[in-house]
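Chain by chain, the residues:
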Amino acid sequence: MPASKSVKLNTGAEMPTLGLGTWKSQPGAVEKAVAHALKIGYRHIDTATAYANEKEVGLGIKESGVPREQIFLTTKLANTDQRDVDGALERSLKALDTPYLDLWLMHWPCPMTKDGKADKSRDWLDTWKDMERVYKAHPDKVKAIGVSNFSVPYLRRLLEHASVAPAVNQIELHPACMQEDIVAECRKHGIVLTAYSPLGSDSSPLLKNDTVKRIANKYGVEPANILISLQANRPNVTVIPKSVTPARIEQNAKIVDLTEQDIKELALIEKENHIRVCMPYWTGWGNIGFPDLK
């Protein structure tokens, strides 16, 4: 099964399959990482207002010398900005020093107050309606809108009321958290998935997993390459490994075409040990519909 190089969004735009994630990438390091990734051929950069590094990501893009129109740039609406969608967009554009976003995601379906508490009087569906309004009013500023961390019940509620279907749902995806229910629901509605934390976590046990190591040896690559390649080999899925280390950014770009058997074996890892790294409880909104958390 050959890995994809890009996927087509429901807007008609092409989104590069491999991107550079920037969660936990600190100012000072992240601009160098972004510039290096772009210089060696990455064309998809993912950030978020909540990462507090949009300004530095923008500087890295400028430093790379790669024309903006050749780059697919994603950022995300912070939970604390769900009552100020218009202002949040302008602040992101200014911080990134870019005239437009290729993709703007609702980071979590979890409105929060400025002091970090759950904003129970705000419905995330109203936030989506605000995002739709901004998208329709400013197609020059936002090329596509989407969501992140949406479970199947949340997606279904959104699709029932949306006038614009999300282009993307960005979720945690790796062999210990395959989330096939969400993947299938998104495919059914033409929504692309972006896999975050494809290695499982910063010090991932998946890198030492026997199945992963055996398949890596078969192709003469590192275990990380197999974990990233798994997502690139899943139809309709893009993947954003994160690193600020130049050698690792280069290593992560080696995508392998996996066989159906490889993919089946990797998918079995979850049966032995299911791991969800990124929990939603910190938002104050409970399990937000994820079946493994009920």
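Residues numbered from 1 in each chain as written. Predicted model: local features only at pLDDT ≥ 70, side-chain atom pairs only at ≥ 80, totals over all residues. Heavy atoms only, no water.

### As for the overall build of the protein chain
- A count of helical and extended segments in the protein chain gives 11 helices and 10 strands.
- A globule of 294 residues ought to have a C-alpha radius of gyration of about 19 Å, and the protein chain, at 18 Å, matches this closely.
- Burial status across the protein chain gives 56% buried among its 294 residues.
- In the protein chain, once contacts between residues fewer than 6 apart in sequence are set aside, the share between residues at least 24 apart is 73%. (Helix = DSSP H or I, 4+ residues; strand = E, 2+ residues; numbered from the N terminus. Rg over C-alpha atoms; globule rule 2.2 N^0.38 Å. Buried < 20%, exposed > 50% of the residue type's maximum accessible area, 1.4 Å probe, protein only. Contact = heavy atoms within 4.5 Å.)

### Some remarks on the packing of aromatic side chains
- Enumeration over the complete set of coordinates arrives at 4 aromatic pairs.
- Arranged with centres 5.7 Å apart and planes meeting at 90°, the rings of W108 and W282 form a pair that is edge-to-face. Of this pair, W108 sits in the loop between β6 (103-106) and α4 (124-137) while W282 sits in the segment after α11 (269-272), and the two are 174 residues apart along the sequence.
- Grouped by ring-pair contacts, the aromatic residues W124, F150 and Y154 constitute a single cluster.
- Its guanidinium or amino end placed over the ring of W124, R157 lies 5.0 Å from that ring's centre, counting from NZ or CZ. (Phe/Tyr/Trp six-rings, centres within 6.5 Å; stacked < 30°, edge-to-face > 60°. Lys NZ or Arg CZ within 6 Å of the ring centre and 35° of its normal.)

### Structural notes on the side chain of R68
- Here R68 is to be found in the loop between α2 (54-64) and β5 (72-77).
- Judged by relative accessible area, R68 falls into the buried class, the value being 14%.
- Within polar-contact distance, the side chain of R68 engages the side chain of T98 at 2.8 Å.
- Apart from residues lying up to four places away in sequence, R68 is in contact with L73, T98, Y100, L101 and D102. (Polar contact = N/O pair within 3.5 Å; in protein donor to acceptor, adjacent residues only side chain to side chain.)

### Considering helix α1 (residues 30-39)
- Most of α1 is tucked away, with 8 of its 10 residues classed as buried.
- Those residues of α1 lying buried are V30, E31, A33, V34, A35, H36, A37 and L38.
- Against the buried residues of α1 lie β3 (20-21), β4 (44-46), α2 and α9 (246-252).
- Where α1 terminates, the next one or two residues include G41, which has phi positive at roughly 120°.

### Here's the deal with helix α5 (residues 152-161)
- Listed in full, the buried residues belonging to α5 are V152, Y154, L155 and L158. Down the axis of α5, the smallest arc covering the buried residues is 160°, so these residues share one side.
- Against α4, β7 (145-148), β8 (168-172) and α6 (180-188) lie the buried residues of α5. (Arc of directions from axis to C-beta.)

### Remarks on the side chain of N233
- Here N233 shows up in the loop between α8 (223-232) and β10 (237-239).
- A residue is classified by how much of its surface remains accessible, and N233, at 2% relative accessible area, is buried.
- Looking at N233, its side chain comes within polar contact range of the main-chain nitrogen of L258, at 3.0 Å.

### Observations regarding the sheet that holds β10
- One open sheet holds the 8 strands; their spatial order is β3-β4-β5-β6-β7-β8-β9-β10, and the pairing between them is parallel. Two strands bound the open sheet, and with one partner strand each, they are β3 and β10.
- For β7 and β8, the ladder comprises 2 bridges, and the chain directions are parallel. Looking at β8, one finds that V147 is bridged to N169. (Pairing = 2+ DSSP bridges.)

### With respect to the pairing of β8
- When you tally the buried positions in β8, you get 5 out of 5 residues, the bulk of the element.
- On the question of chirality, the crossover connecting β7 to the parallel β8 by way of α5 is right-handed.
- Once the chain exits β8 it traverses α6 before rejoining the sheet at strand β9 (residues 192-196), and the crossover so formed is right-handed. (Right-handed = clockwise from strand over helix to strand, strands pointing away.)

### What about unusual backbone geometry?
- Unusually for a residue other than glycine, S197 sits at a positive phi of about 50°.
- Counting through the fold element by element, S197 comes out in the loop between β9 and α7 (210-219).
- Exposure remark for S197: the relative accessible area of 14% places this residue in the buried category.
- The backbone phi angle of I288 is positive, close to 40°, even though this residue is not glycine.
- Along the polypeptide, I288 turns up in the segment after α11.
- Judged by relative accessible area, which is 1%, I288 ranks as buried.

### Quick notes on the packing of α7 against α8
- It is the contact of α7 with α8, at a shortest axis distance of 8 Å, that shows an interaxial angle of 95°. As far as their axial angle goes, α8 and α7 are roughly perpendicular. Between α7 and α8, the contacting residues are V212, K213, I215, A216 and Y219 on the first element and P223, I226 and L227 on the second.
- Of the residues belonging to the contact of α7 with α8, the class tally is 7 nonpolar, no polar and 1 charged. (Axes fitted to C-alpha atoms, helices over the stretch in contact; angles between N-to-C directions. Parallel < 35°, antiparallel > 145°, perpendicular 65-115°, else oblique. Nonpolar A, V, L, I, M, F, W, Y, C, P; charged D, E, K, R; others polar.)

### Quick notes on the state of the cysteines
- Overall, the coordinates contain 0 disulfides when judged by the stated rule.
- Considering cysteine sulfurs only, C278 is the nearest to C177, which forms no disulfide, with 9.9 Å between them.
- Residue classification places C278 among the buried residues on the basis of a relative accessible area of 16%. (Disulfide = S-S within 2.5 Å.)

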